[in-house]
Each structure stands twice: as structure tokens, then as C-alpha cells.
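Structure assessment
What follows is the residue order along each chain.
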Amino acid sequence: MYCQINKVKCLEGTKLKLFFEDGSIKVYDMHDLYDELPSFKQLDDRKLFCKAHLEMAGYGVAWNDEIDISCEHLYDHGIEAET
């Protein structure tokens, strides 16, 4: 399901808090991708991790030219956050 992200916030460790246009709020741990996509291991650098920003009108989150992730993946695999 495609659901645009309105806001992304860095949490402790490698977790993101994502605010979606449908009103849902989810938490996603980027560490889960480290084994699948080695480029994501760069996110252990806290300065880089905290540079997370919306890309493509909210259809993804990016850190640099090498690291990005789609809103669909974040929505489908994120854990509902307590409000």
C-alpha cells in the first residue's frame, strides 16, 4: 500500500518514527535491513542517521545518494506506535 509520509523523526538507536498521511504513526528499526543491504550499515553513524529526510513528496526516506527506502516498505513493516 502506498501511503505518503508527512514527517520522519529519528529515535534512539536506528529507529525512525513515521507520520503517515492516513493518520497512522509507525516505528521502524532500520537495523533490520543491515544484513540484506550492506549500504545501510552506514547508518550506525549517528550523525548520518539523524539526517533522515523525506524524499519524492513523501514517498520515501533518504539519507544520502546511496541510502533510501520506500514509504510502502516502511508502512507495511513498521510497528504501530502508541500515540
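As the structure is a prediction and not an experimental result, all values here were calculated from the model.

Taken in spatial order, the three strands make up an open sheet running β4-β5-β6, and their pairing is antiparallel. The outermost strands of the open sheet, each flanked by one partner alone, are β4 (53–55) and β6 (68–70). Neighbouring strand axes in the sheet, compared pairwise and without regard to direction, differ in orientation by 30° on average. Sheet topology places strand β5 (residues 60–62) next to β6; three bridges connect them, and they run antiparallel. Bridge assignment links Ala 62 to a residue of β6, and that residue is Asp 68.

Before going further, it helps to spend a moment on the pairing of strand β2 (residues 15–20). Within a regular beta strand, the side chains point alternately toward one face of the sheet and then the other, so they alternate between its two faces. What you see with β2 is a clean split: Leu 16, Leu 18 and Phe 20 sit on the buried side and Lys 15, Lys 17 and Phe 19 on the side with no burial. Examined bridge by bridge, strand β1 (residues 5–10) and β2 share five bridges and lie antiparallel to one another. Within the sheet, the bridge partner assigned to Cys 10 lies in β2 and is Leu 16. The turn linking β1 back onto β2 is made up of four residues, and Gly 13 within it adopts a positive phi angle of 60°. Here β2 runs beside strand β3 (residues 25–29); their pairing, made up of five bridges, is antiparallel.

Another aspect to go through is the sheet that holds strand β7 (residues 79–80). With antiparallel pairing, the four strands of this open sheet are ordered in space as β1-β2-β3-β7. Two strands in the sheet have a free side with no partner beyond their single neighbour: β1 and β7. By the bridge criterion, two bridges tie β3 to β7 in an arrangement that is antiparallel. Following the sheet pairing, Lys 26 is matched in β7 by Glu 80.

Glancing now at the packing of aromatic side chains. In the structure shown here, the tally under the stated rule is two aromatic pairs. Summarising the aromatic geometry, the rings of Phe 20 and Tyr 75 are spaced 4.9 Å apart at their centres and angled 85° between planes, so their arrangement reads as edge-to-face. You can see Phe 20 sitting in strand β2 and its partner Tyr 75 sitting in helix α2 (residues 71–77), a full 55 residues away along the chain. For the pair Phe 49 and Trp 63, a centre-to-centre distance of 6.4 Å together with 25° between the ring planes defines the contact as stacked. With Phe 49 in helix α1 (residues 46–49) and Trp 63 in the loop between β5 and β6, this residue pair connects regions lying 14 residues apart in the sequence. A single burial state applies to Phe 49 and to Trp 63, both of which are buried. In this structure, Lys 26 packs its charged tip against the face of Tyr 75, placed 3.9 Å from the ring centre.

What counts as what
- Residues numbered from 1 in each chain as written.
- Predicted model: local features only at pLDDT ≥ 70, side-chain atom pairs only at ≥ 80, totals over all residues.
- Heavy atoms only, no water.
- Pairing = 2+ DSSP bridges.
- Helix = DSSP H or I, 4+ residues; strand = E, 2+ residues; numbered from the N terminus.
- Axes fitted to C-alpha atoms, helices over the stretch in contact; angles between N-to-C directions.
- Buried < 20%, exposed > 50% of the residue type's maximum accessible area, 1.4 Å probe, protein only.
- Phe/Tyr/Trp six-rings, centres within 6.5 Å; stacked < 30°, edge-to-face > 60°.
- Lys NZ or Arg CZ within 6 Å of the ring centre and 35° of its normal.

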